[in-house]
Amino acid sequence: MPHERWKSTVHLTGPGYWVWLIPLESGVTSVGIVMDDTVYNSANIHDPQSAVRWLEQNQPRCADAIAGATFLDFVRLPNYAFDCKKVLSADRWAISGEAGFFADPFYSPGSDFIAIANGFITSLMADDRMGKDIQLNAAVYEKIFRSIYQNTLSLYVDQYGGFGDRLMMGLKTLWDIAYYWGVLSLLYFRDALCDYQKMRPLINDLLATQELNQQIQALFRERAKQRLVLPARGVFLDQYKVPCLKYFNDVLQNPLDADVQTDLQRNMEILRCVAGGVTELLQGVSLQDMAPAAREWIGDNYCYGLLA
Ligand SMILES: Cc1cc2nc3c(=O)[nH]c(=O)nc-3n(C[C@H](O)[C@H](O)[C@H](O)COP(=O)(O)OP(=O)(O)OC[C@H]3O[C@@H](n4cnc5c(N)ncnc54)[C@H](O)[C@@H]3O)c2cc1C
């Protein structure tokens, strides 16, 4: 629905920062500027006027669009990521939502974290109600949950420097979404994530896929250090036309009782091809010289869009 596009969250990205535009139901628009320390330390934003001045210099079209608007509220929130010691206790208490931890608003994973936490909590409550000892499961779920949180944090830490670099951002959004749909969403959609018995046989596969993710995130961090300014060229990259994303999304529609390990392992094979392609493109390999399997799963449309 192209004419409804404005209703989604719009992200304007630049080196070391991004700006959100979120039209709220009440008719008010939320505008947020999220920065890494390098930009924050030089931006000198302390009130609505200085925020607008910063936008005029860095995102002039956004500044034009909100010129003359009435500010209803202004908040500054340094060091917004936080953690806490424990969220799932065998002593029959638990924390869900942002009272526990928060990583970063870029991909807006808040409801995912709430849903996952609630899944773990429900599973523990059900076991407790059946009179089972929940010590082990509480510890295991805490560990899984923390590893999801750490994995999520790794998508952002030291990566904001690359947010003005269209090649990095094109590849980053491709990889992060592929990994999210191919691994975490698969586990969630199959009711495996919050079920210790279903997770146990998958642990080795998951460790391998996590390692692959960390390798790719390290490449993004390396690239982000350059703080390149390669503005987008206005090419629309339709996720549905990216073969790996379409495939991962189709797999999510499989029935609940389809074998999750088989699907996970197939997804991992594809993710390895995509990882190879992402690595090659970051290294400047041309489309013609790219490994055919990577090209097959990333798709020529996407590659041409990035390299345009
Ligand atoms: C700009 C932005 C965009 C986002 N977009 C998305 C998105 O697209 N998708 C998504 O899933 N998530 C998104 N999130 C994250 C999502 O909003 C949060 O994850 C979610 O609201 C957290 O819910 P919560 O109930 O844990 O905390 P909150 O929503 O913060 O609720 C806590 C409530 O507790 C109240 N409270 C606090 N202290 C006290 C007290 N002492 N006594 C009584 N009440 C108290 C607060 O007033 C508040 O109402 C976004 C966040 C931001 C900032």
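The structure we're discussing is the one just above.
Overview of the structure. (Residues numbered from 1 in each chain as written. Predicted model: local features only at pLDDT ≥ 70, side-chain atom pairs only at ≥ 80, totals over all residues.)

Turning to the sheet that holds strand E2 (residues 17-23), a few remarks are in order. Taken in spatial order, the three strands line up as E1-E2-E3 in an open sheet, and their pairing is antiparallel. Edge strands, defined here as strands with exactly one partner in the open sheet, are strand E1 (10-14) and strand E3 (29-35). Each adjacent strand pair in this sheet contributes to an overall mean axis angle of 15 degrees, direction not counted. Pairing between E1 and E2: five bridges, direction antiparallel. For His-11, the partnering residue across the bridge sits in E2 and is Trp-20. (Pairing = 2+ DSSP bridges. Helix = DSSP H or I, 4+ residues; strand = E, 2+ residues; numbered from the N terminus. Axes fitted to C-alpha atoms, helices over the stretch in contact; angles between N-to-C directions.)

As a matter of local geometry, the ligand sits amid Trp-20, Ile-22, Ser-30, Gly-32, Gly-97, Glu-98, Ala-99, Pro-105, Ser-108, Gly-110 and Ser-111. Among the elements of the structure, E2, E3 and helix H4 (110-129) are those that each provide at least two residues to the shell around the ligand. Split by residue class, the shell around the ligand holds four nonpolar, six polar and one charged. Residues from two domains meet in the shell around the ligand; each of domain 1 (2-66) and domain 2 (81-153) gives at least three. (Near = placed C-beta within 6 Å. Nonpolar A, V, L, I, M, F, W, Y, C, P; charged D, E, K, R; others polar. Domains from an automatic or database assignment.)

Turning our attention to the packing of H4 against helix H5 (residues 135-153). Working note: a packed helix pair is described by the angle between its axes plus the distance between those axes. Contact geometry of H4 with H5 gives a least axis separation of 11 Å together with a crossing angle of 175 degrees. Classed by the angle they form, the pair H4 and H5 counts as roughly antiparallel. Across the interface between the two elements, Ile-116, Ala-117, Phe-120, Leu-124 and Asp-127 of H4 pack against Asn-137, Ala-138, Tyr-141, Phe-145 and Ile-148 of H5. Grouping the amino acids of the contact of H4 with H5 by side-chain chemistry returns eight nonpolar, one polar and one charged. (Parallel < 35°, antiparallel > 145°, perpendicular 65-115°, else oblique. Contact = placed C-beta atoms within 7 Å.)

The backbone of Arg-92 shows a phi angle near 70 degrees, a positive value even though the residue is not glycine. Overall, the presence of 10 C-beta atoms within 10 Å leaves Arg-92 in the exposed class. The phi angle at Asp-191 is positive, at roughly 60 degrees, despite the residue not being glycine. With respect to the secondary-structure elements, Asp-191 resides in the loop between helix H6 (166-189) and helix H7 (196-199). (Buried ≥ 20, exposed ≤ 12 C-beta atoms within 10 Å, placed from the backbone.)

Buried residues of helix H2 (residues 48-58): Ala-51, Trp-54 and Leu-55, and no others. An end-on view of H2 places all buried positions within 100 degrees of arc, on one side of the element. Of the exposed residues in H2, those oriented more than 90 degrees away from the buried face are Gln-49 and Gln-57. Buried-residue contacts for H2 involve E3, helix H1 (37-43) and helix H3 (60-66). (Arc of directions from axis to C-beta.)

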